[in-house]
Amino acid sequence: MSDDKKEPIVKQDKDGQGADSGSQELSQVDLPPALSVKQLADLLGVSAVEVIKQLMRNGVMANINQAIDFDTAAVIAANFGYKANKQAVPVQTKPSATAKGGKLSPCPPVITIMGHVDHGKTSLLDAIRQSNIIASEAGAITQHIGAYQAEVDGRKITFLDTPGHEAFTAMRARGARATNIAVLVVAADDGVMPQTVEAINHARAADVPIVVAINKCDLASANPDKVKTGLQKEDLAPEDRGGNTVMVEVSATTGEGVDSLVEMLMLESEMLELKANPNLRARGVVIESRKTPGQGVTVTLLVQNGTLKNGDVVMCKNDYGRVKAMLNDVGSRVENVLPATPVEVLGLQGVPESGEEFYVVKDEKKAKTLIELKQGQRRKDKRGGSRGVTLEGFHDRLLEGSMKELKIILKADVQGSIEALQQSLEELSTDEVKLESVHSAVGDINESDIMLAVVSNAIIIGFHVKVDVNAEAIQKRERIDVHLYDVIYEAIADVKAGMEGLLEPDENEVFQGRAEVREVFSASKIGKAAGCMVIKGTIHRKDRVRIKRAKETIHEGEINALRRFKNDAKDVKEGFECGITIKNFTDIRTGDIIETYIIEKIARRLEK
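Bear in mind the structure is a predicted one, so any value in this text is a computation, not a measurement.

(A) Structural detail: unusual backbone geometry. Here the phi dihedral of Glu273 falls at roughly 50 degrees; this positive angle occurs in a residue that is not glycine. Along the chain, Glu273 falls in the loop between helix H9 (258–272) and strand S14 (275–276). The backbone of Arg479 shows a phi angle near 55 degrees, a positive value even though the residue is not glycine. One can find Arg479 in the loop between helix H14 (469–478) and strand S26 (482–485).

(B) The pairing of strand S30 (residues 552–564), seen in detail. Note that strand S29 (residues 544–549) and S30 share six bridges and pair antiparallel. If you follow Val545 over to S30, its bridge partner there is Gly557. Counting the residues in the hairpin turn of S29 and S30 gives two residues, including Ala550, whose phi is positive at 55 degrees. Pairing geometry for S30 and strand S31 (residues 567–568), over two bridges, is antiparallel. Its bridge partner being in S31, Arg564 is matched across the sheet by Asn567. Hairpin connection from S30 to S31: two residues lie between these consecutive antiparallel strands, with Phe565 at a positive phi of about 60 degrees.

(C) Looking closely at the packing of helix H7 (residues 194–205) against helix H13 (residues 447–456). H13 packs onto H7 with a crossing angle of 30 degrees between their chain directions and a minimal axis gap of 10 Å. Judged by the angle between their axes, H7 and H13 are roughly parallel. For H7 against H13, the interelement crossing comes out left-handed. Across the interface between the two elements, Glu198, Asn201, His202 and Ala205 of H7 pack against Ser448, Asp449, Leu452, Val455 and Ser456 of H13. Among the residues forming the contact of H7 with H13, the class breakdown is three nonpolar, four polar and two charged.

(D) Here's a closer look at the pattern of salt bridges. Summed over all chains, the structure comprises 25 salt bridges. With its nearest N and O atoms 3.5 Å apart, the salt bridge here joins Arg549 to Asp587. In this pair, Arg549 sits in strand S29 while Asp587 sits in the loop between strand S33 (577–582) and strand S34 (593–602), placing the two residues 38 residues apart along the sequence. For Asp587, a relative accessible area of 33% gives the class partly exposed. If you follow the salt bridges from partner to partner, you end up with Glu509, Arg514, Arg546, Lys548, Glu556 and Glu595 in one network.

(E) Focus on the confidence of the model for the protein. For the protein, mean pLDDT is 78; residues scoring 70 or higher make up 79% of the total. Counted against residues more than four places away or in other chains, residues 1–24, with its pLDDT under 50, gives 30 contacts. Every residue in residues 131–145 scores below 50 in pLDDT, and together they form 39 contacts with partners more than four places removed in sequence or on other chains.

(F) Structural detail: the sheet that holds strand S11 (residues 181–187). If you walk across this open sheet you meet the six strands as S9-S10-S8-S11-S12-S13, and the pairing is mixed. For this open sheet the edge positions go to strand S9 (147–152) and strand S13 (246–249), each flanked by a neighbour on one side alone. When the angles between neighbouring strand axes are averaged without regard to direction, this sheet yields 30 degrees. As defined by bridge partners, S9 adjoins strand S10 (residues 155–160) across six bridges and the pair is classed as antiparallel. Within S10, the position partnered with Tyr148 by the bridge is Phe159. Where H7 meets the sheet, its contacts fall on strand S8 (110–115), S11 and strand S12 (210–215), and the angle it forms with S11 comes to roughly 170 degrees.

(G) How the structure looks around the side chain of Thr158. Its location among the elements puts Thr158 in strand S10. Its relative accessible area of 0% is what places Thr158 among the buried residues. A polar atom in the side chain of Thr158 sits 2.9 Å from the side chain of Gln149. Once you skip the residues sitting within four places of it in the chain, Thr158 turns out to touch Pro108, Pro109, Val110, Ile111, Tyr148, Gln149, Leu302, Ala340 and Pro342.

(H) Molecular detail of the nonpolar core. Membership of the largest hydrophobic core comes to 50 residues, with the highest contact counts inside it found for Leu31, Leu40, Leu124, Ile128, Phe159, Leu261 and Leu265. With eight residues, H9 is the single largest residue contributor to this core. Each residue touching Leu261, except ones within four places of it in the same chain, is listed here: Leu124, Ile128, Val211, Ala213, Val248 and Val250.

Cut-offs used in this document
- Every chain begins its residue count from 1, and numbering advances along the sequence as written.
- Local features in a predicted model are, by the rule used here, given only for residues with pLDDT of at least 70; side-chain atom pairs are given and counted only at 80 or more, and totals for whole chains, interfaces and linings are based on all residues.
- The side-chain numbers reported here are obtained from all heavy atoms of the structure, hydrogens and water having been left aside.
- The numbering of helices and of strands both runs from the N terminus, where a helix is a DSSP run of H or I of at least 4 residues and a strand a run of E of at least 2.
- By definition, two strands form a pair when at least two bridges between them are found by DSSP.
- Axis lines are fitted through C-alpha atoms, for helices just across the contact stretch, and the angle between N-to-C directions can take any value from 0 to 180 degrees.
- Comment on the angle field: the value is read as roughly parallel under 35 degrees, roughly antiparallel over 145, roughly perpendicular from 65 to 115, and oblique elsewhere.
- For any helix crossing, the convention is left-handed if the near helix is rotated counterclockwise from the far helix by under a right angle, and right-handed if that rotation is clockwise.
- Any pair of residues with heavy atoms lying within 4.5 Å of one another is described as a contacting pair.
- All amino acids are sorted into three groups, where Ala, Val, Leu, Ile, Met, Phe, Trp, Tyr, Cys and Pro are nonpolar, Asp, Glu, Lys and Arg are charged, and the leftover types, Gly among them, are polar.
- Salt bridge, as used here: a side-chain nitrogen of Lys or Arg that lies within 4 Å of a carboxyl oxygen of Asp or Glu.
- When a residue's accessible area, from a 1.4 Å probe over protein chains only, is under 20% of the maximum for its type it is buried; when over 50% it is exposed; and in between it is partly exposed.
- Values of pLDDT, ranging from 0 to 100, describe the predictor's confidence in every residue of the model.
- Throughout this description, a polar contact denotes any pair of N or O atoms lying within 3.5 Å of each other; where both atoms belong to protein, one of them has to be capable of donating a hydrogen while the other can accept it, and for residues adjacent in sequence the pair is counted only when both atoms sit in side chains.
- By nonpolar core is meant a set of buried Ala, Val, Leu, Ile, Met, Phe, Trp, Tyr and Cys residues that side-chain atoms within 4.5 Å join together.

So, in structure tokens, the structure goes:
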């Protein structure tokens, strides 16, 4: 920042009057002659994103690790209410993180572009490719492997071209987080549409940050404000309206704003501080795979950590093979592939599914052994029962601590039915039991809905719709609970019953029997046994007990053994004698009263 451009920035007080850097209202902060953006953010107690935004507003483009001088830092500090004092010694930087064999190195971000049909996803991908690939390669770049890399100011960025939201979410459902950032493309002349909402829900389910690209801003009918308003209704508030979602106005046709979008993506990725260790054996995720005559199995892999080399033995869930050849995103053969880089691989024996994780093992014998172990575990898991949550199983899941609310995906034939159902179902929520609508849309239940249910642990409610053929196959495989209705009140009644299953039941104590201790026997193995007469009700072996002495309760616990003469008994009725031993209690005396009871659980109803 040159001296002739520097102007002191001041924090505005409530009356709009500025306070200069010498104001007594400003806190003091000691800054070194030079420091990184992150160090400045830490010293000021704010996020690095806020510091970068302030720098950008003042014409300074800097990333999180970039060094800035004291004068620039002082200007930014003043804007956050601090008066900067110059230190003589710079702040020491933290040592680089290490892991198993070397230092972690920064790696490119992996971006997935999503959105409604015809909103310009492919056009935007092409515009980014043409604008940001180095000139010598621009003409040769293709997307034949469903992924490619662009280069911006010497820094790489990886884009995935997935076939749809269900594929994106399938990766997350199988435990693979292939994407660091999701770009939501919304046409400025069309606004928020059903697949836009679907894309938002899938990105949230995958737990990745969202950057919005408002496309087609070159059209006369473009209305970016309408798009922003629509996105605000989906809880994506733009930064210029007090929110924290990055939204960039672009035109894939003219190229307007594309560079700004890429810069914001790089900025977001720097906030994530993405790193990997290239010195390890490669690990990553399958992007797509296919089998073609003459070429055999071709698999697109995204290396996430380590370095993949020709000759490595790659293992997926059920498939393995030795890498015979690797092609990069421009179709050229490569020998080594670094982290966050896509590559097309030849040599696997089978066709793995998208989203499966892969890793390099020592040899093919090791891979075969591991796959056999996995197959045995998979058969065991399949016998273990349902994977998805069901309306009938909520209470058990709650007791396990794995369920805190009922999540639903709602599909109906018309928008009016969705609104009526959604309103009625949301009214069922109480302080104890919450209902969350993960996604709702008009139309039949499709693959995307099923995969979203897998990730979100949700059930699917359908009204006057059916499950399409492809979705039905996935539903059976993933064992997702789907309920179809023709009458609204039946849907509401079933969901209400499911939510009531989440409520902790009321407990009621029910008297079973009373016995008087007439004699006490000692035995070396069991301690003391009480010879009793049942004076009321029936004593059962599984009852809980309360021991009273002079009307005072001295112990509560469980029966260890119940006998009639020398034989074990399940119960002893009123007027009969029996022998009783109590778990973890030996201080039994003649004249004590043993009362038995059970705890009856009573289902509770939803109360507002």
